[in-house]
Amino acid sequence: MTALSAVAQSVGYVLAALGPLVIGLLRQATGGWTVPLLAGLAACAVQLVVGVLAGRPLIS
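The rules we used
Residues numbered from 1 in each chain as written. Predicted model: local features only at pLDDT ≥ 70, side-chain atom pairs only at ≥ 80, totals over all residues. Heavy atoms only, no water. Helix = DSSP H or I, 4+ residues; strand = E, 2+ residues; numbered from the N terminus. Buried < 20%, exposed > 50% of the residue type's maximum accessible area, 1.4 Å probe, protein only. Areas by Shrake-Rupley, 256 points an atom, 1.4 Å probe, with all protein chains shown as cover. Axes fitted to C-alpha atoms, helices over the stretch in contact; angles between N-to-C directions. Parallel < 35°, antiparallel > 145°, perpendicular 65-115°, else oblique. Left-handed = near helix turned anticlockwise from the far one by under 90°. Contact = heavy atoms within 4.5 Å. Nonpolar A, V, L, I, M, F, W, Y, C, P; charged D, E, K, R; others polar. Patch = residues over 30% accessible without salt bridge, like charges linked within 9 Å, V, L, I, M, F, W, Y side chains within 5 Å. Salt bridge = Lys/Arg side-chain N within 4 Å of Asp/Glu carboxyl O. Expected span 1.5 Å × (residues − 1). Bend = angle between axes of the 7 residues up to and from the residue. Polar contact = N/O pair within 3.5 Å; in protein donor to acceptor, adjacent residues only side chain to side chain.

Peer 1: Would you mind showing me how to read the overall build of the chain here?
Peer 2: The number of helices and strands found in the chain is 2 helices and 0 strands. Expressed along its principal axes, the backbone C-alpha trace of the chain runs to roughly 50 × 20 × 10 Å. For the chain, buried positions account for 2% of its 60 residues. Within the structure as shown, the chain displays about 5,000 Å² of accessible surface, and the carbon and sulfur contribution to it stands at 76%.

Spelled out as structure tokens, the structure:
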């Protein structure tokens, strides 16, 4: 369980560090907020699915 927590924190910190840069680059490239906001929502959806799958009980 500690390994899962460490991985989750590491990925979280990387996403938190790169998120503003990527959103800013998308905003600058597209000239609007639609694509950056959709990218953020897509990242949240991926994190939700991965979190649900990682946190499910193990079947023995």
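So, next bit.
Peer 1: When you look at the environment of Ile-23 in this model, what are you seeing that I'm missing?
Peer 2: With respect to the helices and strands, Ile-23 occurs in helix 1 (residues 2-30). Taking the C-alpha atoms as reference points, Ile-23 and Leu-58, 35 residues apart in sequence, are found 36 Å from one another.

Peer 1: Sorry if this is basic, but what is going on with the packing of helix 1 against helix 2 (residues 34-55) here?
Peer 2: Any two packed helices are characterised by the angle at which their axes cross and by the distance between the axes. Helix 2 packs onto helix 1 with a crossing angle of 165° between their chain directions and a minimal axis gap of 9 Å. With respect to their mutual orientation, helix 1 and helix 2 come out roughly antiparallel. The two elements helix 1 and helix 2 meet at a crossing, and its hand is right-handed. On helix 2, the residues touching Leu-4, Leu-15, Ile-23, Leu-26, Arg-27 and Thr-30 of helix 1 are Val-35, Pro-36, Ala-39, Gly-40, Gln-47 and Ala-54. Classifying every residue of the contact of helix 1 with helix 2 by side-chain character gives 8 nonpolar, 3 polar and 1 charged.

Peer 1: I'm lost on a nonpolar patch on the surface in this one. Help?
Peer 2: A cluster of nonpolar side chains, contributed by Val-14, Leu-18, Leu-21, Val-22 and Leu-25, occupies part of the molecular surface with about 440 Å² of accessible area. If you trace the backbone, Leu-18 turns up in helix 1. Classification of Leu-18 as partly exposed rests on a relative accessible area of 45%.

Peer 1: Teacher, can you tell me more about helix 1 here?
Peer 2: Between its first and last C-alpha atoms helix 1 spans 40 Å; for 29 residues at 1.5 Å apiece the expected length is 42 Å, and the two agree. The principal kink in helix 1, of about 35°, is found at Leu-18, preceding the proline Pro-20 by one to four residues. Immediately beyond the C-terminal end of helix 1, within one or two residues, lies Gly-31, with a positive phi of roughly 75°.

Peer 1: Would you take a moment to explain the environment of Ser-10 for this structure?
Peer 2: Within the fold, Ser-10 resides in helix 1. You can call Ser-10 partly exposed: its relative accessible area is 44%. Between the C-alpha atom of Ser-10 and that of Val-50, which follows or precedes it by 40 residues, the distance is 14 Å. Within polar-contact distance, the side chain of Ser-10 engages the backbone oxygen of Ala-6 at 2.9 Å.

These values are about where atoms sit, not about what they do.
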